[in-house]
2 protein chains.
Amino acid sequence: MKPHGPIPPGYAADRDGMLLIGGRRADVLADEAGDTPLFVYDAGMLSARVAEWRAAMPAAVQLHYAMKANPYAPLLAHMAGLVDGLDVASGGELKAALASGMAAGEISFAGPGKRDRELEYGIAAGATLNLESAGEAERALAIGARLGIVPRLAVRVNPTFDLKGSGMKMGGGAKPFGVDAEAVPALVARLIDAGADWRGFHIFAGSQALDAAAIAETQAQTVALAADLATAIGRAPPLVNLGGGMGVPYFPGDTAVDAPAVGAALAATLAARDPVLANSRFAMELGRWLVAEAGVYLTRIVDRKTSHGETFLVTDGGLHHQLAASGNFGTVIRRNYPIAIANRFGGEPYAPVSVVGCLCTPLDRLGDQVALPRADVGDLVALFQAGAYGATASPAAFLGQGPAREMLV
Amino acid sequence: MKPHGPIPPGYAADRDGMLLIGGRRADVLADEAGDTPLFVYDAGMLSARVAEWRAAMPAAVQLHYAMKANPYAPLLAHMAGLVDGLDVASGGELKAALASGMAAGEISFAGPGKRDRELEYGIAAGATLNLESAGEAERALAIGARLGIVPRLAVRVNPTFDLKGSGMKMGGGAKPFGVDAEAVPALVARLIDAGADWRGFHIFAGSQALDAAAIAETQAQTVALAADLATAIGRAPPLVNLGGGMGVPYFPGDTAVDAPAVGAALAATLAARDPVLANSRFAMELGRWLVAEAGVYLTRIVDRKTSHGETFLVTDGGLHHQLAASGNFGTVIRRNYPIAIANRFGGEPYAPVSVVGCLCTPLDRLGDQVALPRADVGDLVALFQAGAYGATASPAAFLGQGPAREMLV
């Protein structure tokens, strides 16, 4: 038997043992959606999460939502009403961000492979481009000149440090992201000389960390780096995007980030910052932390079978919607995401079962020998932490099964 | 510097050093498609591959195409005209298979999570269902009775052996696929008693093996298992689907399967088979081996940059189209797929570079410190073995970059 990750707080069952999402029964939601598999996102939990962040962080720090975590339009519109800015990573995301109601001036566009037409779209829209290289800077300046628009340009910095314990390191050593720190002052000087509207720095050292002390240390390094760069440039950045880093507990033994501790440390870091940054604004850019816990993936059991003594629950979902949960996206060792039988939520574990998807590949495993209440054909399986990097971070067309349904409740 | 996998045979450049695909210049194909990234599939290579298989294998053995490898409609229609049957893994694939021109009677439908509506669709269409469990069998029989149609039913067998050296083991021990061998005779008796049209066995022990001897040994075990089951049942299976297994060379040091050796061994196995199988037909079910080499993924360099001494070529493609090539799908250790600069094909390597995609994630690496000819913005990168498990086996919606274009030439 293998453990599964912790069920996020805030989920409960009604008196029938049916999982409630946004106060509504999982089976009713599936009926309302028309079919499983289905992603349900809880708008109230999203709002509460943003409020939790604001309560923990210094009031002056802005919150940006990195929409790559979940671009589902109703969710994005909800988030746009809660946060101070959106971070996009493609022309497609920029289009969706503009449609969400967020002001173009509060949208920033990062990504190492921006094409000319994407740079043009961003400049014309009035978004801030987080420049990833000197070459991209020249292309953006040329496009701005051609359009007769002063481009809003920030510089993404490849920091010399990384975020310790992060699931995804974005800084430290040779990276395709951003401009090596030592080359940044000259590049900013070039932008200013060329008449661009220099917006500041984007410094992203890593993501999916759970250790508040490591996040705090990285934020302190980030502020120090921004100060050093500002001193070298001789001008303060209007905005320092401190990146993200705050992760969520996916696996057995994982515990939630101590957000108040991160906030307290950040307050101390900002209070003690170099005077060169006195008038700079600061922002954090979060994706997963904001939306993962508010999402549940519901899939129905199609078959229950035994092979050589092992019981399998075969579902109508799978890795085509939950690639990361299947252990096939950015992880080396497969471990179980938080998982439950939605219609026996909180019930006593019966025996270990393996929950697999409907795809004809051994990679398609959603729960490996996990202890769950007895379940059979027609029952609903719930996978948690499904609000981030689910539907769009999975191969939805694989084996012709089609995309999942999504709903915001 | 790290090596890359072997460029498949049959690719060459014109006098300008431009890669030719189906005799046509890669740059012209990209222009014709309208943009990169682009998958190009060479119809002539697909035909030649089928001919290679037929020349190697005993004439009596049928060839099925497992369309999960590549369901692109023009390619599927081309394959339908070349092979003896199609194997599908969902209702969506069945629909595409029927649209390809393949006769319903030559289509078989496997997959552990078939929903009732998919069983009904398959039975009504006249396809053969490869049953994955006793429960699925009962559902299929009930649906056949309700529809007043005699269902065409085969039994997928979970063999007691696996395919040695295969990248993907589908047999041996507890598996979600098929019915454990010892339970098969009773299930087949049940099907026959219930009046179903029993079509035989589907026995799939693994895929992506390169060792002809291992494949041959597995095929011999498969034929022996089919004979044992037929003896126990007291009736010969009309068809024994021997599964696939033949892989392609992705990585440095990989060599192509010796198809004539597989064919010679299979001929010997069939010549010596138990008389109970004298009147049975045999089929192999191949996906990757048939289509991978005929596909090339073309992506354009958007930026060339240096970070801490490492050179990066940033492309407009990425893991959203080439998840497996990025090392994030079913592999533990990332190694380089075959890769080249399409417009300097065969040119002298200049220096090691890392080829990355346009996604804002460190997972998005298509070539890690590979030696390639000098390349710059606007040049085309070609990834090979892109005909299988590319476009549909990747998270196309990730980060809003959108799907790749595809064309058959």
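Structure shown above.
Values in this document were obtained by computation on a predicted structure and should not be read as measured data.

## Remarks on the relation of the copies chain B and chain A
Point 1. When chain B is fitted to chain A, the best match, at an RMSD of 0.0 Å, comes from turning it 180 degrees and sliding it 0.0 Å along the axis. What the rotation and shift describe, once combined, is the action of a two-fold rotation axis. Rotation axis and chain B: the residue whose C-alpha lies nearest the axis is Pro395(B), separated from it by 1.9 Å.
Point 2. Interface residue correspondence from chain B to chain A reaches 100%, placing this contact among same-surface, isologous pairings.

## Brief notes about the interface of chain B and chain A
Point 1. Facing 70 residues of chain B, the contacting portion of chain A comprises 70 residues.
Point 2. Carbon and sulfur atoms supply 61% of the area that chain B and chain A bury against each other, a total of about 5200 Å² over both sides.
Point 3. Of all residues in chain B, Arg115(B), His308(B) and Cys360(B) bury the most surface against chain A, accounting for 12% of the area lost on that side.
Point 4. At the boundary of chain B with chain A, the tally comes to 28 residue pairs in polar contact (both at pLDDT 80 or more).
Point 5. For the side of chain B that touches chain A, the elements supplying multiple residues, two or more each, are helix 4 (91-99), helix 5 (116-125), helix 6 (134-147), strand 9 (152-158), strand 10 (168-169), strand 16 (295-307) and strand 17 (310-315) of chain B.
Point 6. Element by element, the count of residues in the side of chain B that touches chain A is highest for strand 16 of chain B, at 5 residues.
Point 7. Of the residues contributing to the side of chain B that touches chain A, the split by class is 28 nonpolar, 22 polar and 20 charged.

## Things to note about the pairing of strand 20 (residues 365-372) of chain A
Residues and elements named next belong to chain A.
Point 1. Most of strand 20 sits out of view: 7 of its 8 residues are buried.
Point 2. Summarising the sheet, strand 19 (residues 351-356) and strand 20 pair through 5 bridges and their orientation is antiparallel. Across the sheet, the residue bridging to Val353 is Val370, located in strand 20.

## Concerning the sheet that holds strand 3 (residues 24-25) of chain B
All names here are of chain B.
Point 1. Taken together, 3 strands build an open sheet; the order of strands is 1-2-3 and the sheet is antiparallel. Both edges of this open sheet fall to strand 1 (12-13) and strand 3, since each of them pairs with a single strand only.
Point 2. Relative to strand 2 (residues 19-21), strand 1 runs antiparallel, the two being bridged by 2 bridges. If you follow Ala13 over to strand 2, its bridge partner there is Leu19.

Parameters at a glance
- Residues numbered from 1 in each chain as written.
- Chains lettered and ligands numbered in written order.
- Predicted model: local features only at pLDDT ≥ 70, side-chain atom pairs only at ≥ 80, totals over all residues.
- Heavy atoms only, no water.
- Least-squares fit on C-alpha atoms with pLDDT ≥ 70 in both.
- Contact = heavy atoms within 4.5 Å.
- Buried area = accessible area lost by both parts, 1.4 Å probe.
- Polar contact = N/O pair within 3.5 Å; in protein donor to acceptor, adjacent residues only side chain to side chain.
- Helix = DSSP H or I, 4+ residues; strand = E, 2+ residues; numbered from the N terminus.
- Nonpolar A, V, L, I, M, F, W, Y, C, P; charged D, E, K, R; others polar.
- Buried < 20%, exposed > 50% of the residue type's maximum accessible area, 1.4 Å probe, protein only.
- Pairing = 2+ DSSP bridges.

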